Amino acid sequence: MEMTLRWYGSKSDSVTLQQIRQIPGVTGVITTLYETSPGDLWEREQIHALKEEVEASGLHISGIESVNIHDSIKIGSPDRDRYIENYIRTLKHLGEEDIHLVCYNFMPVFDWTRTELARVRSDGSTVLAYSQKTVDRIDPAKMFESISSGSNGFVLPGWEPERMARVKELFEMYTGVDEERLFANLKYFLEAIMPVCDQYNIHMAIHPDDPAWSVFGLPRIIINLPNLQRMMKMVDNPHNGVTFCSGSYGTNPDNDLPGMIRALEGRIHFAHVRNLQHNFPGDFEEAAHLSSDGSFDMYAIMKALYDIRFTGPIRPDHGRMIWGENAMPGYGLYDRALGAAYLNGLWEAIEKGAAGK
Ligand code: DNO
């Protein structure tokens, strides 16, 4: 595996490449053209410039998170082919720049969903949190207002103001799109892009729906192992793979995380490894990466990745906000750096243990 950190680009991130370069064991970044909108064509020159900037710092681009999918593709609207064509050309340009991993999601309207961006934990750190009770009470448009007002002035991934201004319209557009339709639209999209992925060896890694169940009555399909197996079987190509995100699948305690990893051997192209604290059904908050701080056995997760001989990028995921840092919620430097060091430590111990050292 390769340890990486997500980086939103010099215009949008409070964390610099130079800081990332100093986290021991981190050699690559997972990045994106954050200023683009879903459906845009990424020109080769833009990708090249980003690559040069990253490489000048001594790091490299380990993958893209995300090339976002236009809602027309998820809905299956008549204009979807235009956006799929842009996606194919974008993948071609990424391949030409020697980038071979693309994370994306297929969540309708909203990306990941949280009800609080700064819940205070007993140690004074603040974390992202989710309460189903709050979601059940809130109007989706209000949800956006509360998310954007708590985001420390940063634009959160998947919560771009331009999209959220159209929340009501988007909800209407999804009328009639149930889980079966969403699966069919995902299949249509994947079948269209697989030839370019084969040509340029691009691993597509679908990100789970977070939380891993339907919110606001919208369908959500990337939520558990049976649905993942269905997705991989319907377009049976190793380039059609997954991002294994422990924090997203782990929102549902029924998901056996190490068991899922083992069952997905060969099709996990990217891993987000983080911990969560389950408080009671429907209420969870994020935690430090250490097993002792949350509900997951992080050793068992890393061990399962080791056992399937996972060679792709891993990144620590949402960190707590600590030590007075002002950053995008979940994406500060300090706690993610602690997470990277901890995950690297687990990996070294597993590796040496397996070698009998
Ligand atoms: C949240 C992230 C997601 C993820 C996308 C992938 O912090 O894990 O926004 O990047 O869903 O497309």
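Quick summary incoming for the structure in this document. Since this is a predicted model, take the numbers as computed values, not measurements.

Rules used throughout
Residues numbered from 1 in each chain as written. Predicted model: local features only at pLDDT ≥ 70, side-chain atom pairs only at ≥ 80, totals over all residues. Heavy atoms only, no water. Helix = DSSP H or I, 4+ residues; strand = E, 2+ residues; numbered from the N terminus. Rg over C-alpha atoms; globule rule 2.2 N^0.38 Å. Buried < 20%, exposed > 50% of the residue type's maximum accessible area, 1.4 Å probe, protein only. Core = buried A, V, L, I, M, F, W, Y, C linked by side-chain atoms within 4.5 Å. Contact = heavy atoms within 4.5 Å. Salt bridge = Lys/Arg side-chain N within 4 Å of Asp/Glu carboxyl O. Pairing = 2+ DSSP bridges. Axes fitted to C-alpha atoms, helices over the stretch in contact; angles between N-to-C directions. Near = heavy atom within 4 Å. Polar contact = N/O pair within 3.5 Å; in protein donor to acceptor, adjacent residues only side chain to side chain. Areas by Shrake-Rupley, 256 points an atom, 1.4 Å probe, with all protein chains shown as cover. Nonpolar A, V, L, I, M, F, W, Y, C, P; charged D, E, K, R; others polar. Phe/Tyr/Trp six-rings, centres within 6.5 Å; stacked < 30°, edge-to-face > 60°. Lys NZ or Arg CZ within 6 Å of the ring centre and 35° of its normal.

### Things to note about the overall build of the protein chain
No. 1: In terms of helices and strands, the protein chain carries 14 helices and 12 strands.
No. 2: The C-alpha radius of gyration computed for the protein chain amounts to 19 Å, which stays within 12% of the reference 21 Å derived for 357 residues, consistent with globular compactness.
No. 3: If you line up the protein chain on its principal axes, its C-alpha atoms span 55 × 45 × 40 Å.
No. 4: The buried share among the 357 residues of the protein chain stands at 60%.

### Comments concerning the nonpolar core
No. 1: Of all hydrophobic cores here, the largest spans 105 residues; its most connected members are L186 and F189.
No. 2: By residue number, the principal contributor to this core is helix α9 (residues 179–200), which donates 10 residues.
No. 3: Those residues within four positions of F189 in sequence are excluded, and the remaining contacts are I69, I73, I84, Y87, Y104 and F106.

### Brief notes about the pattern of salt bridges
No. 1: The full count for this structure, using the stated rule, is 27 salt bridges.
No. 2: A salt bridge links R309 to E265; the nearest nitrogen and oxygen atoms lie 2.9 Å apart. With a gap of 44 residues between them, R309 in the loop between α13 (298–307) and β12 (313–316) and E265 in the loop between α12 (257–263) and β9 (268–273) connect regions that are remote in the sequence.
No. 3: Classification of R309 as exposed rests on a relative accessible area of 61%.
No. 4: Because the salt bridges share partners, they merge into one network encompassing R6, E65, R114, D210, R274, E286, R315 and D317.

### Focus on the sheet that holds strand β1 (residues 2–6)
No. 1: Taken together, the eight strands give a closed barrel; going around it, the order is β1-β2-β3-β4-β7-β8-β9-β12, and neighbouring strands pair in parallel fashion. Strand-to-strand twist of the sheet, defined as the mean angle between neighbouring strand axes without regard to direction, takes the value 30 degrees.
No. 2: Bridging between strand β2 (residues 26–31) and strand β3 (residues 60–65) involves four bridges; their strand directions are parallel. Pairing of T31 across the sheet is with I64, part of β3.
No. 3: On the sheet, α9 packs against β4 (101–105), β7 (203–207) and β8 (240–245) and is oriented at approximately 155 degrees with respect to β7.

### Details of the pairing of strand β11 (residues 283–286)
No. 1: Because side chains alternate across β11, one face comprises the buried residues D283 and E285, and the other comprises F284 and E286, equally buried.
No. 2: Inspection of the sheet shows strand β6 (residues 126–131) paired to β11 by three bridges, in the antiparallel sense. Across the sheet, Y130 pairs through a bridge with F284, a residue of β11.
No. 3: Pairing of strand β10 (residues 276–280) with β11, which is carried by four bridges, proceeds in the antiparallel orientation.

### Observations concerning the site of the ligand
No. 1: Around the ligand there are 13 residues in total, and E65, S66, D111, H318 and Y331 lie nearest to it.
No. 2: E65 is positioned such that a nitrogen or oxygen atom in its side chain is 2.5 Å from an oxygen atom of the ligand.
No. 3: Within the side chain of H318, an N or O atom sits 2.6 Å from an oxygen atom of the ligand.
No. 4: Taken by itself the ligand offers 330 Å² of open surface, and the protein chains cover 99% of this.
No. 5: Among the residues making up the shell around the ligand, the classes are represented as five nonpolar, four polar and four charged.

### A closer look at the packing of aromatic side chains
No. 1: Applying the stated rule across the entire model yields 15 aromatic pairs.
No. 2: Ring centres 6.1 Å apart and planes at 65 degrees place the aromatic pair W112 and W159 in the edge-to-face group. Here W112 is found in the loop between β4 and β5 (116–120), whereas its partner W159 is found in the loop between α6 (140–149) and α7 (161–164), with 47 residues between them in sequence.
No. 3: Taking the centre distance of 5.7 Å and the plane angle of 70 degrees together, the rings of Y130 and W213 count as edge-to-face. Taken together, the positions of Y130 in strand β6 and W213 in the loop between β7 and α10 (225–234) put the pair 83 residues apart, joining distant regions of the chain.
No. 4: A relative accessible area of 22% places W213 in the partly exposed class.
No. 5: Within the aromatic cluster, the residues linked to one another by ring pairs are F110, W112, W159, F171 and F216.
No. 6: Its guanidinium or amino end placed over the ring of Y188, R80 lies 3.5 Å from that ring's centre, counting from NZ or CZ.
No. 7: Here R230 stacks its cationic end above the ring of F183, 3.8 Å away from the centre of that ring.

### A closer look at the sheet that holds β6
Hydrogen bonding along the main chain pairs the strands of a sheet, whether they run parallel or antiparallel.
No. 1: Judged by pairing direction, the sheet is antiparallel, and its four strands sit side by side in the order β5-β6-β11-β10 without closing on themselves. If you trace the sheet from one side to the other, it starts and ends with β5 and β10, each paired once. Between one strand axis and the next, the sheet turns through 35 degrees on average, direction left out of account.
No. 2: Note that β5 and β6 share three bridges and pair antiparallel. Within β6, the position partnered with V120 by the bridge is T126.

### Some thoughts on α13
No. 1: The set of residues buried in α13 consists of M298, A300, I301, M302, A304 and L305.
No. 2: Where α13 is buried, its residues meet α11 (246–249), α12, β9, β12 and α14 (334–354).
No. 3: Where α13 begins, the capping side chain belongs to D297, and its oxygen is found 3.1 Å from the backbone nitrogen of Y299.
No. 4: Just downstream of α13 lies R309, where phi reads positive at about 55 degrees.

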